[in-house]
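One-letter residues, chain by chain:
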Amino acid sequence: MPAHDYDVIVVGGGLGGSALAKVMTDAGARVLVLEQEARFKDRVRGEFMPPWGVAEARRLGLEDALETCGCWVPHLEMGLSQPRDLVATTPHALPALGFSHPEMQEASLQAAATAGADVRREVTVIGVEPGEPPRVRFRNSGSAETLSARIVVASDGRNSAARKWAGFAVTRQAHPFLFAGVLLTGLAMPRDMAHYFLNPAVAMVVGLVYEGRDRFRAYLAYPTEGMERLQGEQTLPRFLEYSRRTTVFPNFYDGSLRCIGPLASFTCDEDWVEHPYSNGVALIGDAAATSDPAYGQGMSLTLRDVRTLSEALLGNSDWDSAGHDYAVEHQRYFSVIHTSCEWLRQIFQEQGPEADRRRAAAMPRIQEDPTRIPDHIISGPELPIDEGVRARFFGEPA
Ligand SMILES: Cc1cc2nc3c(=O)[nH]c(=O)nc-3n(C[C@H](O)[C@H](O)[C@H](O)COP(=O)(O)OP(=O)(O)OC[C@H]3O[C@@H](n4cnc5c(N)ncnc54)[C@H](O)[C@@H]3O)c2cc1C
């Protein structure tokens, strides 16, 4: 076996990198995490974790760390009938979690360090070289260093440079929507539920989640065409106007509402790598697959990546073969979530005569029976997904 400095070098100490470092260190591996930020700040990222993601966090021993950054969300209001009781209606019998993303990053990275991983911050990775062994080049206070590992795990997020350096081909699916988020205080909304409302009449989606200490994350997906880009606090009045127009609960935005974080919007485009392992380098989290943020799947998929990759590595002394096993399984579960979100987009967001025809068949039946809506975004990729599920949702004969 070639000599190497570490068993695992992790590029990026966000949720994916920290969770993988913790789990592998707990199992006895020598792990180095390289993170560029000295302190995490609000980048407007995921703060709602549905029950299937909570189940993944529990399996990885991260649930307590996440809970300290937010609070449990036992109910989901979609404006369909009664708010949904998540514990009673999900296969994992768990609530959702709402939390501050930067606080979650600090807590997850601290969990990795407490487990015994070497965590280096304010370190910028400037190159990844696949091979036997793979190597990572990074810069720290002006000086450059190169270290090798049995495996390099790139978890450097949606704009991953590591996957480019390592030569992965990226598939992109563009969607004509933007997703904006802002942190608010003082909303007039029940705190024990998340609000998620898809309104095809205006092609917009609102999401609201309470995350403790009088903080609410507000999201809005809106069409790219013909609408002002929501970016910066000066666009808050427009953000609120669109949100009120979308939801059946515009009064939630009443009260002594105030902006307490940046307002930013991002494309809903999806980028993924078909086989996120090659020649000593594995991709996890958004670096492997960036899902449409409007459906809130990114963090759950990230934790699923961590579980799948760590189980493969810990169950097989041939890490090259384990990396390929991870990549095959990644494509399976990512495809399920991707397909389910595609269907939701076709019914609830897309515009035009074809979309109207689909809705005319689907919506009356969904209003009678909301269980026709595929539940993968709440319950996870193990739910069945086939032509029967699609036809039932689209109101077509099976
Ligand atoms: C607006 C928006 C809303 C979202 N809402 C939800 C939601 O409600 N629920 C949900 O589940 N998901 C949501 N997501 C997705 C979720 O935020 C991501 O899937 C998740 O954060 C991915 O985690 P990660 O660890 O892969 O990447 P990141 O969280 O991006 O972490 C990457 C880390 O790598 C570091 N890094 C990058 N480059 C380098 C380098 N060269 N050297 C060293 N360090 C580096 C970064 O500093 C960062 O800490 C949302 C995304 C967006 C954009």
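Remember, predicted model here, so these are calculated numbers, not experimental data.

Q: Before we move on, could you go through the site of the ligand and cite the residues and values that matter?
A: Close to the ligand lie 35 residues, the nearest being G16, E35, F48, D286 and M299. Measuring from a nitrogen atom of the ligand, one finds a backbone N or O atom of V125 at 3.0 Å. Starting from 1,000 Å² of accessible surface for the ligand in isolation, the protein chains cover 95%. For the shell around the ligand, the residue count by class is 12 nonpolar, 15 polar and eight charged.

Q: Which residues make up the environment of F197, and what values do they have?
A: Tracing the chain through its elements places F197 in strand 14 (residues 193–199). Sequence-wise, F197 and S243 are 46 residues apart; in three dimensions their C-alpha atoms are separated by 9.8 Å. F197 has contacts with M78, G79, M204, V205, V206, T246, T247 and V248, leaving out every residue within four places of it along the chain.

Q: How would you summarise the sheet that holds strand 12 (residues 171–173) if you had to cite specific residues and measurements?
A: The strand order 12-19-22 describes an open sheet built from three strands, whose pairing is antiparallel. Sheet topology places strand 12 and strand 22 (289–290) at the edges, where each strand pairs with a single neighbour. Examined bridge by bridge, strand 19 (residues 270–272) and strand 22 share two bridges and lie antiparallel to one another. Each bridged residue has a counterpart across the sheet, and for W272 the counterpart in strand 22 is A289. Its contacts with the sheet place helix 9 (residues 319–348) against strand 12, strand 19 and strand 22, and it is angled at close to 165 degrees to strand 19.

Q: So what about the nonpolar core? Which residues, and what values?
A: Judged by nonpolar contacts, the single largest core of 104 residues is most densely connected at V8, L20, V31, M49 and F393. No other element matches the 12 residues that helix 9 contributes to this core. Not counting residues within four places of it along the chain, the set of residues in contact with M49 comprises L15, V54, L66, A96, L97, F99, M299, S300 and L303. Residues L208, Y210, L230 and F252 belong to the second largest nonpolar core, which totals 27 residues.

Q: Give a detailed account of helix 5 (residues 101–115), specifying residues and quantitative values.
A: Given a rise of 1.5 Å per residue, 15 residues ought to cover 21 Å, and the 21 Å separating the end C-alpha atoms of helix 5 matches this to within 8%. Those residues of helix 5 that fall on the buried side of the exposure criterion are H101, P102, M104, Q105, E106, A107, S108, L109, A111 and A112. Among the structural elements, helix 1 (15–26), strand 2 (31–35), helix 3 (63–67), strand 7 (96–99), strand 8 (118–121) and helix 8 (298–314) are those in contact with the buried residues of helix 5.

Q: So, unusual backbone geometry: which residues are in play, and what are the values?
A: Cis geometry is found at the peptide bond from E132 to P133, where omega equals 0 degrees. Tracing the sequence through the fold places P133 in the loop between strand 9 (123–129) and strand 10 (135–140). The backbone of R213 sits at a positive phi, close to 50 degrees, despite the residue not being glycine. Tracing the backbone through its elements, the reader meets R213 in the loop between strand 15 (204–210) and strand 16 (216–223). In this structure, N279 takes a positive phi of about 50 degrees despite not being glycine. Residue position: N279 is located in the loop between strand 20 (277–278) and strand 21 (281–283).

About the cut-offs
Residues numbered from 1 in each chain as written. Predicted model: local features only at pLDDT ≥ 70, side-chain atom pairs only at ≥ 80, totals over all residues. Heavy atoms only, no water. Near = heavy atom within 4 Å. Polar contact = N/O pair within 3.5 Å; in protein donor to acceptor, adjacent residues only side chain to side chain. Areas by Shrake-Rupley, 256 points an atom, 1.4 Å probe, with all protein chains shown as cover. Nonpolar A, V, L, I, M, F, W, Y, C, P; charged D, E, K, R; others polar. Helix = DSSP H or I, 4+ residues; strand = E, 2+ residues; numbered from the N terminus. Contact = heavy atoms within 4.5 Å. Pairing = 2+ DSSP bridges. Axes fitted to C-alpha atoms, helices over the stretch in contact; angles between N-to-C directions. Core = buried A, V, L, I, M, F, W, Y, C linked by side-chain atoms within 4.5 Å. Buried < 20%, exposed > 50% of the residue type's maximum accessible area, 1.4 Å probe, protein only. Expected span 1.5 Å × (residues − 1).

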